[in-house]
Amino acid sequence: MAVAEAQLYSKVSSKPRGRGTSALLEPLLAKGFPAHLAQKALVATGQKTVEDAVKWLHSHCNDPSLDDPIPQEYALYLCPRGRLHSRLQDFWRESKRQCGKNRAHEVFPHITLCDFFTCEDQKVELLYDILKKVGDSFSQIFPPSIFLTLHASPSYLGFFIDDSQANVLKDFAVAFSTEASALADCHVKPSLKQFHLTLAHRFYPHHQKTLEQLAKCINPGEPCQWVAALYSRDMRFVHYQRLRALFQYKPQNSDELMINAGDLIYVDPRQQSEAGEGWVVGISHRTGCRGFLPENYTERAHESDTWVKHREYVFDTASRSFTKTEKEPNVKPNGEAHNLSMSRSVTNVVSLQVIFFPISHLCHITLPERVDQVFGKSWLQQCMSADGKYYRADLNFPSSLPRQKDSMKKLECDPPLSCCGIFQSRLIGEALLEQEVTVSYVYSSPALRCVQTAQHVLQGLKLNQKVRIRVEPGLFEWTKWEASRAIPKFMTVAELVEASYDIDTSYRGNFPLSSLVPSESYEDYVSRSSAVIKQIISACPCKGRSVILIVAHGSSLAPLTRALTGLPSRDSRDFAQMVQKIPALGMCFCEEKEENKWQMVNPPVKTLTHGANAAFNWRNTIMED
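Since the model is a prediction, treat every value here as computed from it, not as a measurement.

Participant: Teacher, can you tell me more about the sheet that holds strand β8 (residues 264-267) here?
Facilitator: The pairing of strands in a sheet happens through backbone hydrogen bonds and is either parallel or antiparallel. Pairing within the open sheet is antiparallel, and its 5 strands lie in the order β10-β9-β8-β7-β11. Every interior strand has two partners, whereas the edge strands, β10 (290-294) and β11 (298-300), have only one. Within the sheet, the average angular offset between the axes of one strand and its neighbour, ignoring direction, is 45°. Strand direction decides the pairing type here: strand β7 (residues 241-245) and β8, joined by 4 bridges, are antiparallel.

Participant: Where do I start with the sheet that holds strand β4 (residues 156-161) in this structure?
Facilitator: Taken in spatial order, the 3 strands make up an open sheet running β3-β4-β5, and their pairing is antiparallel. Of all strands in the sheet, those with a lone pairing partner are β3 (148-152) and β5 (196-201), marking the two edges. Looking at each pair of strands side by side, their axes are set apart by 20° on average, direction ignored. Bridging between β4 and β5 involves 5 bridges; their strand directions are antiparallel. Bridge pairing in β5 places Y156 opposite H201.

Participant: What is the right way to read the nonpolar core from this model?
Facilitator: In a soluble, globular protein the nonpolar side chains are often hidden away together inside. Residues L78, L127, F176 and L199 are the most contacted members of the largest nonpolar core, which totals 52 residues. In terms of residues, this core owes the most to one element, helix α7 (residues 163-183), which gives 7 residues. Once you skip the residues sitting within four places of it in the chain, L78 turns out to touch H110, I111, L113, F142, I146, L169, W226, V227, A228 and F315. Ranked by size, the runner-up nonpolar core spans 40 residues in total, among them L461, M491, L516 and V551.

Participant: Explain the pairing of strand β6 (residues 225-234) here, please?
Facilitator: Side chains on a regular strand alternate between the two faces of the sheet. Burial runs high along β6: 9 of the 10 residues are buried. Across 10 bridges, the pairing between strand β1 (residues 72-81) and β6 is antiparallel. Paired with L78 across the bridge in β6 is A228. The pairing of β6 with strand β12 (residues 308-315) spans 6 bridges and is antiparallel. When the bridges of β12 are listed, A228 appears paired with Y313.

Participant: I keep staring at the packing of helix α6 (residues 124-137) against α7 and nothing clicks. Help me out?
Facilitator: The description of two packed helices rests on the angle between their axes and on the distance between the axes. At a minimum axis distance of 10 Å, the contact between α6 and α7 shows a crossing angle of 145°. At the point where α6 passes α7, the crossing takes the right-handed sense. Residues L126, L127, I130, L131, K133, V134 and G135 of α6 form the contact with α7, whose participating residues are F172, A175, F176, E179, A180 and L183. Residue composition of the contact of α6 with α7, by class: 10 nonpolar, 1 polar and 2 charged.

Participant: So what exactly am I meant to see when it comes to unusual backbone geometry here?
Facilitator: Residue R202 is not a glycine yet carries a positive backbone phi of 55°. Within the secondary structure, R202 sits in the loop between β5 and α8 (208-215). Judged by relative accessible area, which is 60%, R202 ranks as exposed. Even without glycine at this site, Q465 takes up a positive phi of about 80°. Examined against the element boundaries, Q465 turns out to sit in the loop between α12 (448-460) and β17 (469-471).

Participant: Can you walk me through α12 in this structure?
Facilitator: Residues that lie three or four places apart on an α-helix share one face, since the helix turns once every 3.6 residues. Taking 1.5 Å as the rise per residue, α12 with 13 residues should run 18 Å; its terminal C-alpha atoms sit 18 Å apart, in good agreement. Counting buried residues along α12, 12 of its 13 residues qualify, which places the element largely inside the surrounding structure. All buried positions along α12 are accounted for by L448, R449, C450, V451, Q452, T453, A454, Q455, H456, V457, L458 and G460. Following α12 by one or two positions, K462 has its phi on the positive side, about 60°.

Participant: It is not clear to me how the packing of aromatic side chains should be interpreted in this structure. Could you clarify?
Facilitator: A ring pair, where both rings are aromatic, is described by two values, the distance of the centres and the angle of the planes. Evaluated as defined, the whole model comprises 29 aromatic pairs. When the ring of F138 is compared with that of F172, the centres are 5.5 Å apart and the planes differ by 85°; the resulting orientation is edge-to-face. Taken together, the positions of F138 in the loop between α6 and β3 and F172 in helix α7 put the pair 34 residues apart, joining distant regions of the chain. A single burial state applies to F138 and to F172, both of which are buried. Seen in terms of ring centroids, F142 and F315 are 3.9 Å apart; in terms of plane orientation they differ by 10°. Their pairing is stacked.

What counts and what doesn't
Residues numbered from 1 in each chain as written. Predicted model: local features only at pLDDT ≥ 70, side-chain atom pairs only at ≥ 80, totals over all residues. Heavy atoms only, no water. Pairing = 2+ DSSP bridges. Helix = DSSP H or I, 4+ residues; strand = E, 2+ residues; numbered from the N terminus. Axes fitted to C-alpha atoms, helices over the stretch in contact; angles between N-to-C directions. Core = buried A, V, L, I, M, F, W, Y, C linked by side-chain atoms within 4.5 Å. Buried < 20%, exposed > 50% of the residue type's maximum accessible area, 1.4 Å probe, protein only. Contact = heavy atoms within 4.5 Å. Left-handed = near helix turned anticlockwise from the far one by under 90°. Nonpolar A, V, L, I, M, F, W, Y, C, P; charged D, E, K, R; others polar. Expected span 1.5 Å × (residues − 1). Phe/Tyr/Trp six-rings, centres within 6.5 Å; stacked < 30°, edge-to-face > 60°.

Everything listed here is a matter of geometry and, on its own, says nothing about what the molecule does.
Written as structure tokens, this is what we have:
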């Protein structure tokens, strides 16, 4: 058992059990469900209906943690409704589109009254009663309107609440926490700091001006109804990432996870070492089961998408008649208040990438499938005959291998693309052609798979023979990741030309091959990447919307683009995890807003998503009993 899980058990194991029952609990007990499981199901579904609880129990029948005594965590938020809420959602969407995701996008618009606290399952209904009781007692003094003042700093943007009104909110939070601590045996801490409604948090400083301009479009005086709402979350997954399944996946092995489109998955970034390329280990929010799943079947979800809404108290200041929303059917954690617009995030593992640099724009495309990703490190042994001749052992092997003067064994450390990878590269080129993207220069890492990708992208663009590939050793990936702990023996320029690749033989690289050091430090790799991209940009005098196409590796994406956009390098501890999320032929695009000032923008071409296809043995599958 993990240390964190052991701590969770210790927090709840010594607590006495309550004896309360509810109207919803009795039907579940009558159906034969144990009391502790019935209460757990009711809490997990927000105590809405018996049918919801039964469905949850059936879905979690194989959940290994079903009998765990760990309670949910609860928080009390003050949330806006009406036109102000709509304007805030518009800001959420537009800020994400223009500046990318920041910490505020994880949760819907709200003012925190009481931060997360634990409550035993059998005492949750007491929280509902307390919310109504306290709400009723404040019904006549709750502010008719709440005055919001915009506040901005290099890492925070939001509305602050007027002091006189904030004091009423603080009194409400204190009253709720006092009652909950006394009646439900909960340790509740009311929020006593400056009350605020966050618009953006932990964003890059150069986005501050854009975010402020968007925020000024929000009229804080828009008609609004305020609601005190009680939410819960599973405390075991507080520090996990959330993914949403885009497609159904049916397991092909016993250790894989069954997912349906729309399922939410918890993923612990610290436990991904056992997952292979393109896969993650996750726990299904719907079933509680754990297993491997293909990461390119998912997109990033928000933290609050897995939360459960329980009850709310509506402050009807217009009529001064206050009501509590009764048990609402089909209230879901990703309902209206949570349904933030999503953009497809970069997921899936691939070790290569293609990068486009228009002189007024910058575009990245990760590279396609290569043979060793499909057939393993021993791929060369699978397609070589006893007398050393190459043959196509599978249709996804290339029709031929480029000739090398020394030995074909060099290809083990410098593998080519698979047939599917060649098709993928050409498909991206054709898509760029449709969008009238004009490529003027092409740079490639010396790795064969990169040169091949550049060649086939140019074929798709109908630019082969017109634009030649400049082989740049400085674009090779982080040498520490080379399994052989040595720099591969790449094909020479002469060998590539002999193999009919369109190589610029007059080009001399900024970094000679001899400058590549085995097992270089992360700092040296980042420094090399920064230097090579700046030298490439300065060496390409383009006009208009001409593009520099760079074909490099998955590990090159962050160092090259972050150096160009003026961002600091990523922490080395996060780097491997980030690279594992870069997909085959995923694309990024940057724009040069001012001279030597670059900014990320939407790419002209969509990403390419596809599923796996296992090898088929008709004799073992069809003929054997």
